[in-house]
Amino acid sequence: MAVREWLPAAALSAAIDHKLKAGEPLFRLGDKTVGLCEVITGRVRLARVDHSGREIVLHVAGPGETLAEASLFSSHYHCDAIASSAAVVRVYPRREVLAAFAQSPKAAQAFSEMLAHQVMSLRTRIEQRNIRSARERVRHFLVLNVGPDRRTVEMRGTLKDLAAEIGLTHEALYRTLAALERSGEIRRKGEKIVLSKRV
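Let us look at the structure shown here.

1. Let's talk about the packing of helix α3 (residues 105-129) against helix α4 (residues 134-144)
Close contact between α3 and α4 brings their axes to 9 Å; oriented N to C, the two are set at 155°. Comparing their axes, α4 and α3 come out roughly antiparallel. Taken together, the residues of α4 that come into contact with α3 (itself represented by T124, E127, Q128 and R129) are R137, H140, F141 and L144. Taken together, the residues of the contact of α3 with α4 sort by class into two nonpolar, three polar and three charged.

2. Topic: the side chain of T176
As for its position among the elements, T176 is in helix α6 (residues 170-182). Among the residues examined, T176 registers a relative accessible area of 9% and is labelled buried. Polar contacts involving the side chain of T176 include one to the main-chain carbonyl oxygen of A172, which spans 2.7 Å. When residues no more than four places from it in sequence are discounted, the contact partners of T176 are A134, R135 and V138.

3. Details of the pairing of strand β8 (residues 87-93)
If a strand is regular, its side chains alternate between the two faces of the sheet. Most of β8 sits inside the fold, with six of its seven residues counted as buried. Strand direction decides the pairing type here: strand β1 (residues 16-20) and β8, joined by five bridges, are antiparallel. Within the sheet, the bridge partner assigned to I16 lies in β8 and is V91. Where strand β3 (residues 35-41) meets β8, six bridges bridge the pair, whose relative direction is antiparallel. Opposite T41, over in β8, you have V88 as the bridge partner.

4. Here's the deal with unusual backbone geometry
Located in the positive-phi region is A68, a residue other than glycine, with phi close to 55°. Checked against the element boundaries, A68 lands in the loop between β6 (66-67) and β7 (80-83).

Definitions and cut-offs
Residues numbered from 1 in each chain as written. Predicted model: local features only at pLDDT ≥ 70, side-chain atom pairs only at ≥ 80, totals over all residues. Heavy atoms only, no water. Axes fitted to C-alpha atoms, helices over the stretch in contact; angles between N-to-C directions. Helix = DSSP H or I, 4+ residues; strand = E, 2+ residues; numbered from the N terminus. Parallel < 35°, antiparallel > 145°, perpendicular 65-115°, else oblique. Contact = heavy atoms within 4.5 Å. Nonpolar A, V, L, I, M, F, W, Y, C, P; charged D, E, K, R; others polar. Buried < 20%, exposed > 50% of the residue type's maximum accessible area, 1.4 Å probe, protein only. Polar contact = N/O pair within 3.5 Å; in protein donor to acceptor, adjacent residues only side chain to side chain. Pairing = 2+ DSSP bridges.

Here is the structure:
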């Protein structure tokens with residue numbers, strides 16, 4: 001459900017749009033939190049850098065998705081938000097969003113429902129990352145993300161984004177997709193991956 005469908009008008013009207021270039025941060029780890037963020041166009045990844053300097057992608061948000069929801073209840077951000085492509089992110093100020101929750105049980109319930117769906121999605125990603133075989137991990141992702149025809153997966157970003165999302169290097173993902181294509185399990189058609197059998 002889009003933010004505009006449940007957030008009251010006062011909070012919607014206080015929103016500020018931020019235009020980002022690819023690679024530009026929306027915020028950095030330790031920055032003071034400002035509010036609820038919604039991606040309007042483009043893609044934004046939440047990431048942390050480990051002790052060896054490697055970026056660990058926590059989530060990639062696309063159009064219509066929110067990010068850093070927990071920051072509404074925290075004083076500082078716990079990760080970086082970096083534009084993976086040119087993007088527009090709408091920020092709804094924290095004070096107005098929290099006031100909306102206090103005044104509108106419907107808004108608070110919609111936000112809770114959105115968080116519940118995110119928890120389910122996070123559990124699925126944890127399940128994926130526990131699959132050791134790259135081939136099985138990619139198969140798992142494809143099966144869970146087929147569209148209504150139960151065969152077609154619409155890519156929501158680049159293959160590099162997908163690799164980060166499922167915890168593979170992009171080289172391992174490219175090799176695995178090529179192997180699945182050679183074996184006839186999938187066909188790649190532009191921004192789509194088509195499974196040979198319905199699931």
